[in-house]
Amino acid sequence: MPRVVGVDIPNNKRLDIALTYVYGVGRTTSKQVCAELDLDPGMAARDLTEEQITNLATHLEKKYVIEGQLRRQTAAAIARLRDIGSYRGLRHRRGLPVRGQRTRTNARGRKGPKKTVAGKKSVKGMK
C-alpha cells in the first residue's frame, strides 16, 4: 500500500478514489491533484512509482490543508464557538444538531441511541 501524508491508500482502487482516503481530500481535489501532477486518475494506486508518491505528498502538503492540521483547525473553530457562548457552540456542547435540523424525530446520529424514559400513565390506564 502506498503511504501518502501518513495515510495508507488502497492498492487496488483508482488513484482519484484512493486519494480520498486522506482526510481533507475529496473527489474534486483528488482530480485536480491528478491533473496538476499529470497522473492518470484511472490508474491503480499500486502502479505509482516512489518518485510519483513523493511528488504527490509534497504537492498535497504545500497546496492543501489536510490530515492533522485540518483536524486541529476544525477542533479549534468548535472550541472557539463554545468559548464565546454562541448558540452553535451550545449545540456542540450538548451534542445536538448544530444547523437547525429537527430533534423531535431523527437526529439519532448526533444524539446517540434512544434513551427510553418512563412516561406518565395514560388516562385509559387509570380507569
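Now for a description of the structure that goes with this document. The residue numbering used here restarts from 1 in each chain and proceeds along that chain's sequence as written. Given that the model is predicted, a residue must reach a pLDDT of at least 70 before its local features are reported, and side-chain atom pairs must reach 80 or more before they are shown or counted; all residues, however, enter totals for whole chains, interfaces and linings. For side-chain calculations, the full set of non-hydrogen atoms in the structure is used, while hydrogens and water are omitted.

## A closer look at the environment of Arg99
Of note, Arg99 is situated in the loop between helix H5 (87-94) and helix H6 (108-111). A relative accessible area of 77% places Arg99 in the exposed class. Expressed as a C-alpha distance, the spacing of Arg99 and Ala57, which sit 42 residues apart in the sequence, is 34 Å. Helical segments are the DSSP runs of H or I of at least four residues, strand segments are the runs of E of at least two, and each set is numbered from the N terminus. Only protein chains enter the area calculation, which uses a 1.4 Å probe; residues under 20% of their type maximum are buried, those over 50% are exposed, and those in between are partly exposed.

## Regarding the pattern of salt bridges
Salt bridge criterion: a side-chain nitrogen from Lys or Arg within 4 Å of a carboxyl oxygen from Asp or Glu. The full count for this structure, using the stated rule, is four salt bridges. Here Asp16 and Arg14 are joined by a salt bridge, their closest N and O atoms 3.2 Å apart. With a closest N to O distance of 2.7 Å, Glu36 and Lys63 form a salt bridge. Of this pair, Glu36 sits in helix H2 (residues 27-36) while Lys63 is found in helix H3 (residues 50-63), placing the two residues 27 residues apart along the sequence. Classification of Glu36 as partly exposed rests on a relative accessible area of 35%. Residue class for Lys63 comes out partly exposed when judged on its relative accessible area of 47%.

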